[in-house]
Amino acid sequence: MKQNRALQTFFNGLIKENPVFVLMLGMCPTLGTTSTALNGLGMGLATTFVLFCSNMAISALKQFIPDQVRIPAFIVIIATFVTVVQMFMEAYLPALYESLGLFIPLIVVNCIVLGRAESFAAKNSVGLSFFDGVGIGLGFTLGLTLLGAIRELAGTGKLFSLTIYPEEYGALIFVLAPGAFIVLGYLIAAFNKIRKA
């Protein structure tokens, strides 16, 4: 029974409660960092790490956190893991760190992370909170990577920086901000069509 609930919690984040295509949360990094597939993947994995670590920590500490300081305590816990991600990326992935820039520290106030802390981790066990964090995080990563891959391929003719076709055949609009909205709109429509089929 517990195993079924854990798997259901995990798959909810990927499909039923996908943060990008269903809940439409975290639109700032979704639209701002997905000019390439690598940026989308990097941002998604950074957020996934913060999600499952903060979910587990908040779930483990929930009985020790007074209601009056619940949200500030959650933010401090989340900020701790964001700092770990930021320092790791700056040390070992400097090109990705430069590319994502300000969006990495903004994970602290990402509504996906804080929302899952408040609605799930503060009410469930550490194990379920882990599966929720991983599921929601991978759903977010899937959304960002797919969006970034389509924009990069349509705009530059590349995919993960590998040339698929000559860049002069690409449409610049997909690399720019309007392209993010266009591709996201079509992906949301396609995802909802598949989900309801």
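Everything that follows concerns the structure shown earlier in this document.
About the criteria used
Residues numbered from 1 in each chain as written. Predicted model: local features only at pLDDT ≥ 70, side-chain atom pairs only at ≥ 80, totals over all residues. Heavy atoms only, no water. Helix = DSSP H or I, 4+ residues; strand = E, 2+ residues; numbered from the N terminus. Rg over C-alpha atoms; globule rule 2.2 N^0.38 Å. Buried < 20%, exposed > 50% of the residue type's maximum accessible area, 1.4 Å probe, protein only. Contact = heavy atoms within 4.5 Å. Areas by Shrake-Rupley, 256 points an atom, 1.4 Å probe, with all protein chains shown as cover. Phe/Tyr/Trp six-rings, centres within 6.5 Å; stacked < 30°, edge-to-face > 60°.

> Tell me about the overall build of the chain, and please be specific about residues and values.
Secondary structure summary: the chain contains eight helices and two strands in total. Order of helices (α) and strands (β) in the chain, N terminus to C terminus: α-α-α-α-α-α-α-β-β-α. Compactness check: the chain gives a C-alpha radius of gyration of 17 Å against a globular reference of 16 Å for 197 residues, within 12% of the reference. Counting only C-alpha atoms, the chain reaches 60 × 45 × 25 Å along its principal axes. Looking at the chain as a whole, 42% of its 197 residues are labelled buried. The contacts of the chain with a sequence gap of at least 6 include a subset with a gap of at least 24, amounting to 73%. Surface exposure of the chain reaches about 10,100 Å², of which carbon and sulfur atoms provide 71%.

> Can you explain the packing of aromatic side chains? Please cite residues and give values.
Tallying each qualifying case throughout the model produces seven aromatic pairs. Consider the rings of Phe49 and Phe81, whose centres lie 6.4 Å apart with planes at 80°: the pair is edge-to-face. Of the two residues, Phe49 is situated in helix 3 (residues 37-61) and Phe81 in helix 4 (residues 70-92); the sequence distance between them amounts to 32 residues. Aromatic pair Phe130 and Phe131: ring centres 5.4 Å apart, planes at 75°, arrangement edge-to-face. Put simply, the rings of Phe49, Phe52, Phe81, Phe130 and Phe131 touch in pairs and so form one group of aromatic residues.

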